[in-house]
Every structure is written in C-alpha cells, then in structure tokens.
Amino acid sequence: MRHGKKFNHLGRQAPHRKAMLANMACSLIEHKRVNTTVAKAKALKKFVEPIITKSKTDSTHSRRTCFRYLRSKEAVTELFREVSVKVADRPGGYTRILKTGFRQGDNAEMCFIELVDYNENMLKDAKTKTSTRKRRGGGKKAAAPAAEVTEADTKAEVVEEAPVVEEPKAEKPAEAKKEEAAPEAKAEEKKEAPKKDDSKEEEKGE
Amino acid sequence: MAHPKRRTSNQRRDKRRTHYKAVAPTLSSCSNCGAPTLYHRVCGECGFYRGKQAIQKEVAL
Ligand SMILES: [Zn+2]
C-alpha cells in the first residue's frame, strides 16, 4: 500500500526520475533559472535545496555527496564556487517558483524556478515593497476624499484620462512629507487609474 | 460482480451532463499594464508579478 507516500513520481521510474532531476538541478545551477512545469519544479525544489545546503560546507566529502546527486563535475564546481557563496547567509528557501501560464499542446501549467539570490530585479523591489506598504496605509486617509472626487468626475464626464491628470495633484500635499516616496506613489496612481476606468466602463456596459 | 442492467440511454446520459458547466476563470488586472491576468500568475503581457518585473517578455514566450 502507498498510504502516506506523498512523493511525486512524475510518471517515471526511479532511475529515470533521478536522472531527470539531476539534469534539471545541473541546469538550474548553471543558468540560475529554468522554465518547466509546476510539478517538475516542485519536485526539483525538494531535490536541489538540500544539495545547496550541503554545498555550504566545502569539504571533499560534501563535494562527493553532491556529485552523487548531480552527476556533473561542472555543476558541482559551479555550485561550490559560485552558488554556495551567494546563498551563504540564506537559511534555506533558495529557489522561487513563479507560475507563468499554460503550455500549448497539453495545457500543462508552466512556471519558472530560479535561484532567489540571482534575481537582482526581484530582490531590489522586495526592499522597496515594504516601504510601499507603510506609505499606502498612511496615505489612504488623505487619498480617500481625492478618490471620491475623481470617481464623481468620471461618472459625470465619461472622460477616461481625467483621473490620471487629477489624482497626482490631489494627493501631492499628503505625500509631500516623504519626498523620496512621491515619484513611486505617482507611478502607483497611474497604474491604479486605468483599473478604475475599466471598472467604470464595465458598470456602464452592464 | 455487479453489472449494469440497461444501456444508459442518450437522454439519460445527456440529462446527467446538464450539470457539467464551464467555469469562467477569476481574473484580475495587471498592476503594471492593466491586462487581465490570472491570480498567482506572472502577467503574460508584460511579465510583471506583484508589481515587480518577474521575467522579461522575450523569455516569457
Ligand atoms: Zn502586465
């Protein structure tokens, strides 16, 4: 009986599966990002993260242990020289899976799996993201009346561009306290404005 | 072993299937470009995910 055995076999037998995971892990270590199906990505995550953890102790023994899984000299070298240094202060969670949609042909759910520390884009934004949260919470009280005004305008005038022009003006005094935050806030408003327009149009359509 | 006594008639089969319905996906709009996107998915139009450039568009397709 297979009660409680949650391992995903991925439709393969053990040697096939191990070989595939080894190949995928080598690709991930080499390229830092792999496009695959969600099921494989999740299996790969469980496969590769313990190996990366193992690589933090650079000894002949741990190198040989990793080689047993990866079966590639180049990948092991890259892992111990580059990756292990970069992830040194991260306590696990080295990979990120982002779903990207469905594959043509078999409609399989596709995703990216990537090494977290090699995506500078996401790292940077993650830092600003926290500050964005704070600002939104504080600015909401001031922003609320402005939003009402713009909503009334859009209903009356049926002008799509109106909120984009007006909102920055209305919110400027509230945001003036944090000057460095202001340009980002404007950017947010611009993003939000088209959303509102869409919702308005839908309401009218219905 | 148990066996079906009667062949399922076309009518009975089709009536059973009246409850099989396609469900529309729940969509949100991308925070960057406003295109309709699925939740928990990278935007297919611009490659943004949760306000960040998750992937370059060339890579996405
Ligand atoms: Zn988008």
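Source: prediction; values computed, not measured.

What counts, and at which threshold
Along each chain, the written sequence defines residue order, and numbers are assigned to residues from 1. Whichever chain is written first is A, and whichever ligand is written first is 1; the rest continue in order. Thresholds applied to this predicted model are a pLDDT of at least 70 for local features of residues and 80 or more for the giving and counting of side-chain atom pairs; totals over whole chains, interfaces and linings are not thresholded and use all residues. For the side-chain quantities, the full set of heavy atoms in the structure was used; hydrogens and water were omitted. The pLDDT score gives, residue by residue, the confidence of the prediction method on a 0 to 100 scale. Numbering of helices and strands runs from the N terminus, with a helix taken as a DSSP run of H or I at least four residues long and a strand as a DSSP run of E at least two residues long. Helix span, as expected, comes to 1.5 Å for every residue beyond the first. Any two residues whose heavy atoms approach within 4.5 Å at even a single point are treated as in contact. When a carboxyl oxygen of Asp or Glu lies within 4 Å of a side-chain nitrogen of Lys or Arg, that pair is called a salt bridge. Exposure is judged per residue with a 1.4 Å probe applied to protein chains only, and the accessible area is read against the type maximum: over 50% gives exposed, under 20% gives buried, and values in between give partly exposed. Pairing of aromatic rings covers Phe, Tyr and the six-membered ring of Trp, with a centre-to-centre limit of 6.5 Å; geometry is then stacked below 30 degrees between planes, edge-to-face above 60, and tilted otherwise. Lysine NZ or arginine CZ positioned within 6 Å of the ring centre and within 35 degrees of the ring normal marks a charge as sitting over the ring. When DSSP locates at least two bridges between a pair of strands, those strands are taken to pair. Structural elements are reduced to axes, namely lines fitted to C-alpha atoms, with helices fitted over the stretch in contact, and the angle between N-to-C directions of any two is expressed from 0 to 180 degrees.

## Brief notes about the confidence of the model for chain B
Residues and elements named next belong to chain B. Residues at a pLDDT of 70 or more form 92% of chain B, whose mean pLDDT is 89. Put simply, helix H2 (residues 57–60) is where chain B has its lowest mean pLDDT, 54, and helix H1 (residues 10–16) is where it has its highest, 97. ipTM for the predicted complex: 0.78, alongside a pTM of 0.65.

## So, unusual backbone geometry
Phi is positive for A:Asn107, which is not a glycine, with a value near 60 degrees. One can find A:Asn107 in the loop between strand E2 (95–102) and strand E3 (109–115). The backbone of B:Arg50 shows a phi angle near 55 degrees, a positive value even though the residue is not glycine. As for its position among the elements, B:Arg50 is in the loop between strand E3 (48–49) and strand E4 (52–53).

## Quick notes on helix H1 (residues 14–31) of chain A
The terminal C-alpha atoms of H1(A) lie 25 Å apart, and with 18 residues this matches the ideal 26 Å at 1.5 Å per residue to within 8%. At its buried positions, H1(A) is contacted by strand E1 (33–37), helix H2 (38–54), helix H3 (60–70), helix H4 (73–86), E2 and E3 of chain A.

## Details of the pattern of salt bridges
Residues and elements named next belong to chain A. For the structure on display, the rule yields nine salt bridges over all chains. Two residues, Asp117 and Arg90, come together in a salt bridge whose shortest N-O distance is 2.9 Å. Within this pair, whereas Asp117 is found in the loop between E3 and helix H5 (120–157), its partner Arg90 is found in the loop between H4 and E2, the two being separated by 27 residues in sequence. The class of Asp117 is buried, set by a relative accessible area of 11%. Across the salt bridge formed by Asp106 and Arg103, the nearest N and O atoms sit 2.8 Å from each other. The exposure class of Asp106 is partly exposed, given its relative accessible area of 46%. We classify Arg103 as partly exposed; its relative accessible area is 34%. Taken together, the shared-partner salt bridges connect Arg33, Arg96 and Glu114 into one network.

## Notes on the packing of aromatic side chains
Residue and element names in this part refer to chain A. Applying the stated criterion across every chain, the model contains one aromatic pair over all chains. Both rings, one in Phe47 and one in Tyr69, keep their centres 6.0 Å apart while their planes meet at 80 degrees; by these two values the pair is edge-to-face. One end of the pair, Phe47, is in helix H2; the other, Tyr69, is in helix H3, with 22 residues separating them in the sequence. In this structure Phe47 comes out as buried when scored by relative accessible area, which is 15%. Residue class for Tyr69 comes out partly exposed when judged on its relative accessible area of 39%. Taking NZ or CZ as reference, Arg33 lies 4.7 Å from the ring centre of Phe112, over its face. The cationic tip of Lys86 hangs over the ring face of Tyr118; the distance from NZ or CZ to the ring centre is 4.6 Å.

## What about the sheet that holds E2(A)?
Residues and elements named next belong to chain A. Pairing within the open sheet is antiparallel, and its three strands lie in the order E1-E3-E2. The open sheet has two free edges, formed respectively by E1 and E2, since each of these has just one partner strand. Going across the sheet, the axis of each strand differs from the next one's by a mean of 25 degrees, ignoring polarity. In terms of strand pairing, E2 meets E3 through seven bridges, oriented antiparallel. Residue Lys99 lies in a different strand from E3, and its bridge partner there is Cys111. Along the sheet face, H2 touches E1, E2 and E3 and points at about 15 degrees away from the line of E3.

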